[in-house]
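The lines below spell out each chain.
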Amino acid sequence: LIEAWTGSAPFRRAAREDPASPVPLFHLGEVWWQLGVPAAAAGAWHRSAQLAPGLVPPRQALSEAAMLHGDYATALTMAREVAAVAPQDVRNEAMAAAAAAALGDVAALDRSADLIGREPALVQIPSLAHAYAAALTAAQPAARAALHRALAAHIDLAPAELLAQPSVTVIQ
């Protein structure tokens, strides 16, 4: 924790010196996240997002953090806020689709598969892998077929967390 406090000092100072700027708070959140203090990270990202409604990075960070913690509803809400500002952001589109799929939206399983087909590197993103695993576990076999095929085509990129899911063993 001492490392976290020391590593965050420049951003804490910048946030004090310019309390209306969302940028130091966003970066402070990044430091806290990297140092394993997710609650502090989320708090900094929320404050950053409040200060700048059109700023994408804190909302993306909140979406990914929520997804990693299994809070797919919050992840989807944040991804929708990002989409309003940056509709062409493929990673965010993947976040929204994966969160919706994890919440049981069957059409989102197909959207996720399409996005993986366009951008195979999406498979490597831990927050997406977490949501894909949750979606595959919850979905009926027929509904998850397209996502299975997309993941199978890029299985060499998939993180261990995704491969460890019982519903994914079919594609290994």
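## Section: the nonpolar core
Part 1: Within the largest apolar cluster, 35 residues are counted, with the highest numbers of intra-cluster contacts made by M67, L128 and Y132.
Part 2: If you list the elements that add at least two residues to this core, you get α5 (56–68), α6 (72–85), α7 (90–102), α8 (106–118), α9 (126–138) and α10 (145–153).
Part 3: With 9 residues, α7 is the largest single contributor of residues to this core.
Part 4: Non-local contacts of L128, meaning those with residues more than four positions away in its chain, are made with A94, M95, A98 and L122.
Part 5: Residues W32, W45, A61 and A65 belong to the second largest nonpolar core, which totals 11 residues.

## Comments concerning the confidence of the model for the protein chain
Part 1: Residues with a pLDDT of 70 or more make up 81% of the protein chain, whose mean pLDDT is 85.
Part 2: The lowest-confidence element of the protein chain is helix α1 (residues 2–7), averaging 52 in pLDDT; the highest-confidence one is α7, averaging 96.
Part 3: Counting interchain partners and residues more than four positions distant, the pLDDT-below-50 stretch residues 168–172 has 10 contacts.

## Observations regarding the layout of surface pockets
Part 1: For the largest pocket, the calculated volume is near 200 Å³.
Part 2: Taken together, 15 residues line the largest pocket, and the ones lying closest to its centre are E30, W33, W45, A61 and E64.
Part 3: Breaking the lining of the largest pocket down by element, the ones donating at least two residues are α3 (22–34), α5 and α9.
Part 4: For the lining of the largest pocket, the per-class residue count stands at 9 nonpolar, 3 polar and 3 charged.
Part 5: Of the volumes computed, that of the second largest pocket is approximately 150 Å³.

## Focus on the packing of helix α4 (residues 38–51) against α5
Part 1: Contact geometry for α4 and α5: axes closest at 8 Å, N-to-C directions at 145 degrees. In the crossing of α4 with α5, the sense of the turn from one axis to the other is left-handed. Only P58, R59, A61, L62 and A65 of α5 make contact with α4, whose side of the interface consists of A42, W45, H46, S48 and A49.
Part 2: A breakdown of the residues in the contact of α4 with α5 according to their chemical character gives 7 nonpolar, 2 polar and 1 charged.

## Concerning empty space enclosed by the protein
Part 1: Taken as a whole and assessed by the stated rule, the structure comprises 1 cavity of 30 Å³ or more.
Part 2: Computed from the structure, the largest cavity encloses a volume of approximately 30 Å³.
Part 3: Surrounding the largest cavity, Q60, S63, E64, R91, N92 and M95 form its lining.
Part 4: Taken together, the elements giving at least two residues each to the lining of the largest cavity come down to α5 and α7.
Part 5: When the residues that make up the lining of the largest cavity are grouped by side-chain class, the tally is 1 nonpolar, 3 polar and 2 charged.

## Some words on α7
Part 1: Compared with an ideal rise of 1.5 Å per residue, which puts 13 residues at 18 Å, α7 spans 18 Å between its outermost C-alpha atoms and is within 8% of the ideal.
Part 2: Among all positions in α7, only N92, A94, M95, A96, A97, A98, A99, A100, A101 and A102 are buried.
Part 3: Looking at the packing, one finds that the buried side of α7 touches α5, α6, α8 and α9.
Part 4: Two or three places before R91, at the opening of α7, D89 has a side-chain oxygen 3.1 Å from that residue's backbone nitrogen.
Part 5: Directly after α7, the chain includes G104, whose backbone phi takes a positive value near 105 degrees.

Cut-offs applied
Residues numbered from 1 in each chain as written. Predicted model: local features only at pLDDT ≥ 70, side-chain atom pairs only at ≥ 80, totals over all residues. Heavy atoms only, no water. Core = buried A, V, L, I, M, F, W, Y, C linked by side-chain atoms within 4.5 Å. Buried < 20%, exposed > 50% of the residue type's maximum accessible area, 1.4 Å probe, protein only. Helix = DSSP H or I, 4+ residues; strand = E, 2+ residues; numbered from the N terminus. Contact = heavy atoms within 4.5 Å. pLDDT = per-residue confidence, 0-100. 1 Å grid on protein atoms, 1.4 Å probe; cavity = no way out; pocket = protein on both sides within 12 Å on 5 of 7 lines; lining within 4 Å. Points joined across faces, edges and corners; volume = space filled by probe spheres on them. Nonpolar A, V, L, I, M, F, W, Y, C, P; charged D, E, K, R; others polar. Axes fitted to C-alpha atoms, helices over the stretch in contact; angles between N-to-C directions. Left-handed = near helix turned anticlockwise from the far one by under 90°. Expected span 1.5 Å × (residues − 1). Polar contact = N/O pair within 3.5 Å; in protein donor to acceptor, adjacent residues only side chain to side chain.

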